[in-house]
Amino acid sequence: TRGGHGCRDTSTRVSSHREKRTRAEQRLVEVVGQLCSSKAEHRESERERRSGEAIENLTRLFPGVHGRMTDICKPTQRKYHAAVTIAMGKSMEAVVVDTEKTALDCITYLKEKKCPPETFIPLDTIRARPVREALRKLGGTKVPCQDVVSASDQYTKAIQYAVGDTIVCDTMEEARALAYHSGGSERHKVVTLDGTLIN
């Protein structure tokens, strides 16, 4: 009988040891995950810092640099913030400049200084269209995204370029109805107030 107890004690100790080891391994995975996440966040914040410094330098060195889209335009109401951000996509962080030449000069400068690459919107050459009146007559809460973005008149083309014919709707039901069942051959790019895009 003593031998039996000894086996059970050994088995219990082995089982307990396995549980501790499993917990330790799980904790190690968590810590490594947090560390990787922290490093990624640090790299991203470092990139953002360098990018911010580069834009400040560009603004100082080149008179035709106006700043990022996110700095020169704002939604007309807070409720449109997510919709406008999604509608603009990558253009939200693009740098608005007066001419294509200014953009090329900026790109050369960024390369020379080994700065992160930037996207530029040159006001003299971008192709942009004003809102078609038909899009203002869709009814319900549907409104052209161009109409819910506020900025100085000189940036109108940049906004038209960034959001195009995107329509903003309050609800998903309305957005789906417009995107999929509007009839005719026309297809709409629609975004809801919560930032859901139906393209």
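Placed above this text is the structure.
What counts and how
- Residues numbered from 1 in each chain as written.
- Predicted model: local features only at pLDDT ≥ 70, side-chain atom pairs only at ≥ 80, totals over all residues.
- Heavy atoms only, no water.
- Helix = DSSP H or I, 4+ residues; strand = E, 2+ residues; numbered from the N terminus.
- Buried < 20%, exposed > 50% of the residue type's maximum accessible area, 1.4 Å probe, protein only.
- Contact = heavy atoms within 4.5 Å.
- Areas by Shrake-Rupley, 256 points an atom, 1.4 Å probe, with all protein chains shown as cover.
- Pairing = 2+ DSSP bridges.
- Axes fitted to C-alpha atoms, helices over the stretch in contact; angles between N-to-C directions.
- Core = buried A, V, L, I, M, F, W, Y, C linked by side-chain atoms within 4.5 Å.
- Expected span 1.5 Å × (residues − 1).
- Arc of directions from axis to C-beta.

## Remarks on the overall build of the chain
Secondary structure summary: the chain contains 6 helices and 9 strands in total. Within the chain, buried positions represent 33% of all 199 residues. Contacts in the chain between residues far apart in sequence, at least 24 positions, make up 67% of those at least 6 positions apart. Summing over all exposed atoms, the chain offers an accessible surface of approximately 13,000 Å²; the carbon and sulfur share of this is 52%.

## Quick look at the sheet that holds strand S5 (residues 143–144)
Across the sheet, 4 strands lie side by side as S5-S7-S8-S9; this open sheet has mixed pairing. Only two strands of the sheet have a single partner each, and these edge strands are S5 and strand S9 (197–198). Pairing geometry for S5 and strand S7 (residues 167–169), over 2 bridges, is antiparallel. Bridge pairing in S7 places proline 144 opposite isoleucine 167. Against the sheet, helix H3 (residues 81–88) makes contact with S7, strand S8 (190–192) and S9, and its axis sits at roughly 145 degrees relative to S8, the strand it touches most.

## A closer look at the nonpolar core
Met69, Met88 and Val168 are the most contacted members of the largest nonpolar core, which totals 26 residues. Contact partners of valine 168, with chain neighbours within four places excluded, come to Tyr80, Ala83, Thr141, Lys142, Val143, Cys145, Val148, Val191 and Leu193. Leu58, Val65, Ala103 and Leu110 belong to the second-largest nonpolar core, a separate cluster that totals 12 residues.

## Here we look at helix H4 (residues 100–112)
Given a rise of 1.5 Å per residue, 13 residues ought to cover 18 Å, and the 19 Å separating the end C-alpha atoms of H4 matches this to within 8%. For H4, every residue scored as buried is listed here: Thr102, Ala103, Cys106, Tyr109 and Leu110. When H4 is viewed along its axis, its buried side chains cluster within an angular range of 125 degrees and face the same direction. Seen from the open side of H4, the exposed residues pointing more than 90 degrees away from its buried face are Lys101, Leu104, Lys111 and Glu112. At the exit of H4 stands lysine 114, carrying a positive phi of roughly 55 degrees.

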